[in-house]
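Chain by chain, the residues:
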Amino acid sequence: MNVLGRLSVRATMCAAIFAMALILLTNTTGSLIEARVQVRQAMEAVTLAQASRALLKTILPLRLERGASLALGGENPADTDTLSGVATNREAMLASFRTAQELLHALDVPAVSATLSRLNAAQEAVQALRPRIDAALSVPKAQRDPNLLPATLAAFQDLLDALAGTMNAVDAAIPGADTVLQRYLVLKRAAWATRMAIGN
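Keep in mind the model is a prediction, meaning the values are calculated, not measured.

Asks: Would you mind showing me how to read the side chain of serine 69 here?
Replies: Assignment of secondary structure puts serine 69 in the loop between α2 (9–68) and α3 (80–105). Leave out the neighbours within four places in its chain, and serine 69 touches Leu149, Thr152, Leu153 and Phe156.

What follows is the structure, given as structure tokens:
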């Protein structure tokens, strides 16, 4: 006599209900795990998009600050408008950079993390030059270090390149399920690469 034959009707029904409940529990657990993964991916995509925006908002005033630094090649001290423009764009750049850093450090994306050491080093190099730039802009050309202008332009370019590299890594990490978003990102990267190549 088989095992089922020795079981009462009640025991058989309980065993069947238990088996069905176990199957349902397993399926529900799998669905919950999948839902949590989807939520995490969605949150990561939002953070990536916000980081991309913050990086772009960092680049724009940085380019303007770099353009204003060309006044280091002028014969006379920079005028009030130039100095005010440098200060305004620098403040905007630093605010956006801090926002970008907070978002980037919240991510766990190796391709993005790999770009951060170069980005931070380039930012520190520009930041170290800024007091010298400010001082030089306030005096005639004859009193400026002749090596400061080329060093400044090189440092700004390194930072712009580092920002662009991080932004490209961020954009590439955004999930590709949304084809419209991916198409927009491709166009944005192409347009910005063209803008960077043209210069100020």
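Asks: Explain the environment of glutamate 75 to me, please; I cannot follow it from the model alone.
Replies: For glutamate 75, the position within the fold is in the loop between α2 and α3. On the basis of relative accessible area, glutamate 75 is assigned to the exposed category, the value being 56%. Glutamate 75 sits 64 residues away from valine 139 along the chain, and the two C-alpha atoms are 9.1 Å apart.

Asks: I tried to follow the nonpolar core on my own but got confused; where do I start?
Replies: One recurring pattern in soluble globular proteins: nonpolar side chains tend to sit buried together. Core analysis: the largest hydrophobic core is formed by 39 residues, its most contacted members being Leu55, Leu62, Leu104, Leu119, Leu159, Leu163 and Val170. A per-element tally of this core places helix α6 (residues 148–173) first, with 10 residues. If we ignore the near neighbours within four places in the chain, the residues touching leucine 62 are Met93, Arg130, Phe156, Leu159, Leu160 and Leu163.

Asks: Looking at this structure, how should I read the pattern of salt bridges?
Replies: Side-chain pairing between opposite charges can occur once the charged atoms of the two side chains come close. Scanning the model with the defined rule gives 5 salt bridges in all. A salt bridge links arginine 132 to aspartate 145; the nearest nitrogen and oxygen atoms lie 3.1 Å apart. One end of the pair, arginine 132, is in helix α5 (residues 116–137); the other, aspartate 145, is in the loop between α5 and α6, and 13 residues separate them in sequence. Residue class for arginine 132 comes out partly exposed when judged on its relative accessible area of 40%. Take aspartate 145: its relative accessible area is 35%, and that puts it in the partly exposed class. What you see here is one network of salt bridges that share partners, running through Glu65, Arg90, Arg130 and Asp134.

Cut-off values and rules
- Residues numbered from 1 in each chain as written.
- Predicted model: local features only at pLDDT ≥ 70, side-chain atom pairs only at ≥ 80, totals over all residues.
- Heavy atoms only, no water.
- Helix = DSSP H or I, 4+ residues; strand = E, 2+ residues; numbered from the N terminus.
- Contact = heavy atoms within 4.5 Å.
- Buried < 20%, exposed > 50% of the residue type's maximum accessible area, 1.4 Å probe, protein only.
- Core = buried A, V, L, I, M, F, W, Y, C linked by side-chain atoms within 4.5 Å.
- Salt bridge = Lys/Arg side-chain N within 4 Å of Asp/Glu carboxyl O.

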